[in-house]
Amino acid sequence: MLARIEALAGACTLLVLAAVLASPVQAASPVLDTVKSRGAVRCGVSTGFPGFSFADSQGVYRGLDVDVCRAVAAASLGDASKVAFVPLTAVQRFTALQSGEIDLLARNATWTYARSAQLGLTFTAVNYYDGTAFLVARSSPVTRVRDLNGATICAQAGTETLLGVQDYFSRNGLKFSPVTFESIDTMKAAFAGGRCDAMTSDATQLMGIRSTLSAPDNYRLLAELVSKEPLSPAVRAGDDQWANVVRWSFWAMVNAEELGLTSENVKTQGATSADPNVQRFVGKSGDLGKMLGLDQSWALNVVAQVGNYGESFKRNLETIGVERGLNRLWRDGGLMIAPPLR
């Protein structure tokens, strides 16, 4: 009798396990539920960073980070325009995310050990590989970073930039005097006014700042980078499903570029292509949307409404003179890679 009961219990266990493995797992996501109820994604962005997040003369936000926000809205709500942009300084950004003021931070934040371990944040996926650089006047005698020994350097408060600069200067027996500013505009004005011998930030941010100066050709970037800065969107820790929604919304853009899917052809390719990768991407097979609590066409919506990663890069960064470099796809010799969508 006991043996029969044990056999029955074992069979039931196997049936339950088989049912679990056969069906997509969808964890509860308070943030996704709130986003759907609200009808908009609250996305923290920069107060003004050309190429990444910048409001144009009509107040329309544009940039690589902005496109991440729009991709998440397209995936979760089916409409890339359903984003409430919240401009934040570097000092404000993490507090705003921790407090729940925003659902997602897409504001050129470097993914570091301390931020992951101490701030209660989850970095989702690197959307840009950058490094700390220096901007000087073209008339400056400085030709390399070592020439800045003893210099006064402008930097933005609340960032990891100064730590990287301090590490480099200490490692090479050099000294400098930092002058920090919470506002990028204030820092830019101080540098242009001659208060500092150089300005430091991520190389791409310096290129963006230079493009907004009254005489951009009067300034130049030093060729050297003194740190690695993998920039990533972030969410509050503890909601794995929402982190995956954000993560895969961006990775959909990268996978789309690999597959040759663009904002112009994704719908046509989805309807005609026999490629199983494309069929899964547009939601015709695989049942992938349910795994994240999303519509089956979530990835198609991302690309149709926002574009693939290459389109976003060209639209936002090539226009200010930024080359793909490390941000080329892995197959083209870059670091940009996304896990397969299967």
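Residues numbered from 1 in each chain as written. Predicted model: local features only at pLDDT ≥ 70, side-chain atom pairs only at ≥ 80, totals over all residues. Heavy atoms only, no water.

(A) Inspection of the nonpolar core at higher detail. Ranked by internal contacts, the top residues of the largest apolar core, which has 61 residues, are Tyr 128, Trp 242, Phe 250, Phe 281, Trp 298 and Tyr 309. Where this core is concerned, the elements lending two or more residues are helix H2 (30–38), strand S1 (41–46), helix H3 (64–77), strand S4 (83–88), helix H9 (240–259), helix H11 (276–281), helix H13 (298–305) and helix H14 (309–316). In this view, Phe 281 contacts Ala 252, Asn 255, Ala 256, Leu 259, Leu 261, Val 266, Ala 299, Leu 300, Val 303 and Leu 341; residues no more than four positions away in its chain are not counted. Residues Val 136, Leu 148, Ala 151 and Tyr 168 belong to the second largest nonpolar core, which totals 17 residues. (Core = buried A, V, L, I, M, F, W, Y, C linked by side-chain atoms within 4.5 Å. Buried < 20%, exposed > 50% of the residue type's maximum accessible area, 1.4 Å probe, protein only. Helix = DSSP H or I, 4+ residues; strand = E, 2+ residues; numbered from the N terminus. Contact = heavy atoms within 4.5 Å.)

(B) Expanded view of H9. If you check H9, its first and last C-alpha atoms are 27 Å apart, about what 20 residues at 1.5 Å a residue would give, namely 28 Å. Of all 20 residues that make up H9, 16 are buried, and the element is covered over most of its length. One or two steps after H9, the chain reaches Gly 260, where phi turns positive at roughly 80°. (Expected span 1.5 Å × (residues − 1).)

(C) Representation of the packing of aromatic side chains in the model. A complete count under the given rule lists 11 aromatic pairs for this structure. With 6.0 Å between their ring centres and 70° between their planes, Tyr 168 and Phe 169 make a pair best called edge-to-face. Residue class for Tyr 168 comes out buried when judged on its relative accessible area of 9%. Taking relative accessible area as the criterion, Phe 169 reaches 1% and is therefore assigned buried. (Phe/Tyr/Trp six-rings, centres within 6.5 Å; stacked < 30°, edge-to-face > 60°.)

(D) Examining the packing of H9 against H14 more closely. For the pair H9 and H14, the least separation of the axes is 7 Å and the interaxial angle reads 100°. Looking at the two axes, H9 sits roughly perpendicular to H14. Between H9, through Phe 250, Met 253, Val 254 and Glu 257, and H14, the contact on the second element is made entirely by Tyr 309, Gly 310 and Ser 312. A per-class count over the contact of H9 with H14 returns 4 nonpolar, 2 polar and 1 charged. (Axes fitted to C-alpha atoms, helices over the stretch in contact; angles between N-to-C directions. Parallel < 35°, antiparallel > 145°, perpendicular 65-115°, else oblique. Nonpolar A, V, L, I, M, F, W, Y, C, P; charged D, E, K, R; others polar.)

(E) Geometry of H3. When the terminal C-alpha atoms of H3 are compared, their 20 Å separation across 14 residues agrees well with the 20 Å that a helix rising 1.5 Å per residue should span. For H3, the tally of buried residues reaches 13 of 14 residues, placing the bulk of the element in the interior. Among the residues trailing H3, Gly 78 stands out with phi positive, at a value near 80°.

(F) Fine view of the pairing of strand S10 (residues 176–181). In terms of strand pairing, strand S9 (residues 151–156) meets S10 through 6 bridges, oriented parallel. Residue Thr 152 lies in a different strand from S10, and its bridge partner there is Ser 177. With helix H6 (residues 161–171) bridging S9 and its parallel neighbour S10, the resulting β-α-β unit is right-handed. (Pairing = 2+ DSSP bridges. Right-handed = clockwise from strand over helix to strand, strands pointing away.)

(G) Spatial organisation of the pattern of salt bridges. Tallied over the entire structure, the rule returns 8 salt bridges. Of the charged contacts, one joins Arg 38 and Asp 103 as a salt bridge, the two residues approaching to 2.7 Å between their closest N and O atoms. Residue Arg 38 is found in helix H2, and its partner Asp 103 is found in the loop between helix H4 (93–99) and strand S5 (104–105); the two are separated by 65 residues along the sequence. For the salt bridge of Lys 188 with Asp 185, the shortest nitrogen-to-oxygen distance reads 3.9 Å. Of this pair, Lys 188 and Asp 185 both sit in helix H7 (residues 184–192), 3 residues apart, which is roughly one turn of the helix. Here Lys 188 falls in the buried class, since its relative accessible area comes to 18%. (Salt bridge = Lys/Arg side-chain N within 4 Å of Asp/Glu carboxyl O.)

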